[in-house]
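Coordinate inspection notes
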Amino acid sequence: TELDLRALSDRAPATRLQGELRLATTRPAALDVDLRNLAPAAWSDGGLPVASLVAHLEAPWSGEFIAIPALRLALADAKGSGGELRGHGRWEAGKAQVQVDLDQVQPARLDARLGAWRIAGPLRAEIDHLPAPASLWGGGAAAAPASAAAPAATLDGWSAHVTGRLAGSAPPPGPASHAVVPPPMALQLDAQLRADALQLKQFELKAGAASLGATAALTRGRNGAWQGDAHAQWARLDPGAWVRLAESGPLHDGPNALNGALTLHLAGAPAAWQGLAGIHAKADLVLADSLLAGLALDARASIDALGAPWTVSAEAHSGGNQAHVDASISPGDARADALAVIDQLHLSVDAPQLHLLAPPGQGRTASPALAAASAVDALAATRTIPGALIAKAATTVATGGKTDDARALVPAVAASAAAAARSADPVGGRASWPTRGAAKFDIQLSGGRLAIADGAPGRHAGAPLRIVTQGELSDWVGPQFKLARLQWSAHGSSDPKAPLAERGKVLKGKKIA
């Protein structure tokens, strides 16, 4: 007989579980667990990345203690073993100790979106101020020792000290001669937890020159609200080594090396969820002298949620190109039909040196024109009012007024780009990034309010949503065309009585056949 958890719930993983539970009414009583999953699979594939679970638990009838002398969890996906977790623990009187040892655990086997590491080392938790184990079945027998019969601590007073020292190595590189063995990884963790406080004393992750550190201290006041501060900093960090950023392309290939810091001040957050409106905080993010997808990057972002509405500001700089965002957001409460709504948003981009946005030494499989057309089609696919308005205006300008359907834009541009690519590179057929060019555009949203939530109405009560956009491409030299200047502007509204109006003008352009 096999058990498929997916048959019990559509949200559960698909499994083929077999095994047995054996309960022995001995002194002490014992429970043995022996379970096997005949079809282990990664979480990302909708499965359960566990091959087997073997555990032994024992407890005297007096309720003096509960012990797990041995536990072994074998991890795997459909391709093979993913390492093991081995644990043991004991709960006696008001104290408990638990230790879990990782043995060659491979996160990528658990979920394909995680980094390909092999991690080993212990994680340990020491918990105090617990009720006695006998409280699970009514206080225990008279034979229990006096310490167990004494009034037990409540769960509200518990505290836990969690420590860990993990080490990891990357799998051997492929057969390519240029492959480099990634440096080993080391993680140290030290945290103190209580029902009314959290203190992260140490979180230090190092892998060669890359490092990530974090500290935090949060407390819950008498009114039940949480307050505190957290800080994290990183250097030469490649996030793609830990979480897959993309299936392929520049984000996947890198190089990525981030230097920066994040600071969070939490002025108040209720213990029970009251929606984003219940959170009062401020966060600041800084990236300096960094590389992302091979591009130089400096950026700053700030969210001020100490009052309502929230204010958001961000700026990014790369190779003389820059982008700025400012927004005002109204957070929703737990009863609202949206997590939050955007009251106004302003995005401006000034890119006088577009050629510097190409990752070093990499060609592009799509021309700038095709990339732009694909971006317009993606905007239309968002099914949001701003996306639809921008896509409609851009398509009308690009096609000279022949159509405003973005779905028709991509195939036409792709066919033209393919012909040009074959002419420019008959062997590889690979187009390259523009060797020169500048771009400017500006988008402003105001009026009606745009919801941030799946399934929520796109616009909330009030005046119609208004959008104004304008931009310019100039001095563009690419493999498919040359363009002296292209200007456009558009404005629209969600009010059906105020249709979209757009204007575009090509001052001088030449397509290269």
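As the structure is a computational prediction, the values presented were derived from the model and not from experiment.

**Thoughts on the overall build of the protein chain**
Within the protein chain one finds 6 helices and 22 strands. The buried share among the 513 residues of the protein chain stands at 34%. In the protein chain, 51% of the contacts between residues at least 6 apart in sequence involve partners at least 24 apart.

**Some details on the pairing of strand 7 (residues 118-128)**
For a regular strand, side-chain orientation follows a simple rule: the groups alternate between the two sheet faces. Judged from the 8 bridges that link them, strand 6 (residues 95-105) and strand 7 form a sheet pairing that is antiparallel. Within strand 7, the residue paired with Val 98 across the bridge is Ala 125. The sheet contact formed by strand 7 and strand 8 (residues 159-169) spans 9 bridges and is antiparallel. Of the residues in strand 8, the one forming a bridge with Ala 120 is Ala 167.

**As for the pattern of salt bridges**
Per the stated rule, a full pass over the model turns up 13 salt bridges. A salt bridge links Glu 92 to Arg 90; its shortest N-O distance comes to 3.0 Å. For Glu 92, a relative accessible area of 31% puts it in the partly exposed group. Between Lys 282 and Asp 284 there is a salt bridge, with its nearest N and O atoms 3.2 Å apart. With a relative accessible area of 29%, Asp 284 lands in the partly exposed category. Shared partners join several salt bridges into a network, and the residues in it are Arg 72, Glu 84, Arg 86 and Asp 103.

**Things to note about unusual backbone geometry**
Residue Pro 28 is reached from Arg 27 by a cis peptide bond, and omega for that bond is 0°. Locating Pro 28 in the fold gives a position in the loop between strand 1 (17-24) and strand 2 (29-37). Residue Pro 309 is reached from Ala 308 by a cis peptide bond, and omega for that bond is 0°. By secondary structure assignment, the location of Pro 309 is in the loop between strand 15 (295-304) and strand 16 (310-318). Notably, Asp 289 is not glycine yet its phi reads approximately 50°, a positive angle. Note that Asp 289 resides in strand 14 (residues 280-292). Given a relative accessible area of 65%, Asp 289 falls into the exposed group. Positive phi is not limited to glycine here, since Ala 293 has a value of about 55°.

**Digging into the nonpolar core**
The biggest cluster of nonpolar side chains holds 15 residues, and the ones touching the most others in it are Leu 75, Trp 117, Ile 119 and Met 185. Put simply, the parts of the chain that give this core at least two residues each are strand 4 (65-77), strand 6, strand 9 (185-194) and strand 10 (197-207). One finds Ala 191, Ala 232, Leu 258 and Leu 287 within the second-largest nonpolar core, a separate group that totals 11 residues.

**Structural notes on the confidence of the model for the protein chain**
On average, residues of the protein chain carry a pLDDT of 80, and 72% of them reach 70 or more. Confidence drops under pLDDT 50 across residues 362-368; counting only partners more than four residues distant or on other chains, this segment forms 22 contacts. Per-residue pLDDT stays below 50 along residues 509-513; that stretch engages in 15 contacts with residues further than four places along the chain or on separate chains.

**Quick notes on the pairing of strand 17 (residues 321-331)**
Of the strand pairs in this sheet, strand 16 and strand 17 are connected by 9 bridges, and their pairing is antiparallel. Along strand 17, the bridge assignment pairs Ala 316 with Ala 323. Counting the residues in the hairpin turn of strand 16 and strand 17 gives 2 residues, including Gly 319, whose phi is positive at 55°. Across 10 bridges, strand 17 lies against strand 18 (residues 340-351) in antiparallel orientation. The residue of strand 18 that forms the bridge with Ala 327 is Leu 345.

**Notes on the side chain of Asn 321**
Tracing the chain through its elements places Asn 321 in strand 17. Its relative accessible area of 5% is what places Asn 321 among the buried residues. Each residue touching Asn 321, except ones within four places of it in the same chain, is listed here: Ala 316, Asp 350, Ala 351, Pro 352, Gln 353, Leu 354, Leu 356 and Leu 357.

**Here we look at the environment of Ala 76**
Tracing the backbone through its elements, the reader meets Ala 76 in strand 4. Other than its neighbours up to four places away in sequence, Ala 76 contacts Pro 40, Ala 41, Leu 48, Pro 49, Val 50, Ala 51, Ser 81 and Gly 82.

**Some details on the packing of aromatic side chains**
Geometrically, a pair of aromatic rings is defined through the distance of the ring centres and the angle of the planes. All chains considered together, the criterion is met by 1 aromatic pair. With 4.8 Å between their ring centres and 10° between their planes, Trp 117 and Trp 242 make a pair best called stacked. With Trp 117 in the loop between helix 1 (107-110) and strand 7 and Trp 242 in the loop between strand 12 (225-237) and helix 3 (250-253), the pair connects residues that are 125 residues apart, well separated along the chain. Relative accessible area serves as the criterion here: at 7%, Trp 117 is assigned to the buried category. Positioned over the ring face of Phe 65 is Arg 90, at 4.0 Å from the centre of the ring.

**A word on the environment of Ala 195**
Among the structural elements, Ala 195 can be located in the loop between strand 9 and strand 10. Residue classification places Ala 195 among the buried positions, given a relative accessible area of 17%. Measuring from C-alpha to C-alpha, the distance between Ala 195 and Arg 220 comes to 8.4 Å, with 25 residues separating the pair along the chain. If sequence neighbours within four positions are ignored, Ala 195 has contacts with Asp 156, Trp 158, Arg 220 and Trp 226.

**Side note on the side chain of Ser 330**
Secondary-structure assignment places Ser 330 in strand 17. A polar contact is formed between the side chain of Ser 330 and the side chain of Asp 343, at a distance of 2.5 Å.

**Details of the environment of Trp 61**
Its place among the elements puts Trp 61 in the loop between strand 3 (50-59) and strand 4. When the C-alpha positions of Trp 61 and Trp 137 are compared, they lie 9.8 Å apart, and in sequence the two are 76 residues distant. Within the local environment of Trp 61, its side chain forms a polar contact with the backbone oxygen of Thr 26, the two atoms lying 3.0 Å apart.

About the thresholds
- For every chain, the first residue of its written sequence is number 1, and the numbers climb from 1 along that sequence.
- Local features are withheld for residues below a pLDDT of 70 in this predicted model, meaning they are given only at 70 or higher, and side-chain atom pairs are given and counted only at 80 or more; totals for whole chains, interfaces and linings count all residues.
- The side-chain quantities take in all heavy atoms of the structure and omit both hydrogens and water.
- Helix and strand definitions here come from DSSP, where helices need a minimum of 4 consecutive H or I residues and strands a minimum of 2 consecutive E residues; each element is numbered from the N-terminal end.
- Type-normalised accessible area, obtained with a 1.4 Å probe on protein chains alone, sets the label of each residue: buried when under 20%, exposed when over 50%, and partly exposed for intermediate values.
- The contact definition used throughout considers only heavy atoms, calling two residues in contact when any of these lie within 4.5 Å.
- The pairing criterion for strands is at least two bridges between them, as found by DSSP.
- The salt bridge criterion pairs a side-chain nitrogen of Lys or Arg with a carboxyl oxygen of Asp or Glu, the two atoms within 4 Å.
- Each nonpolar core is a collection of buried residues, namely Ala, Val, Leu, Ile, Met, Phe, Trp, Tyr and Cys, held together in the definition by side-chain atoms within 4.5 Å.
- Residue-level confidence of the predictor is summarised by pLDDT, bounded by 0 at the bottom and 100 at the top.
- Paired rings are identified among Phe, Tyr and Trp, the last through its six-membered ring, by centres lying within 6.5 Å, and are further divided according to the angle between planes into stacked (under 30 degrees), edge-to-face (over 60) and tilted (the rest).
- By the criterion adopted, a ring carries a charge over it if an Arg CZ or a Lys NZ lies within 6 Å of its centre and within 35 degrees of its normal.
- Contacts described as polar in this section are N or O atom pairs within 3.5 Å, which, within protein, must combine one atom able to donate a hydrogen with one able to accept it, while residues neighboring in sequence count only if both atoms come from side chains.

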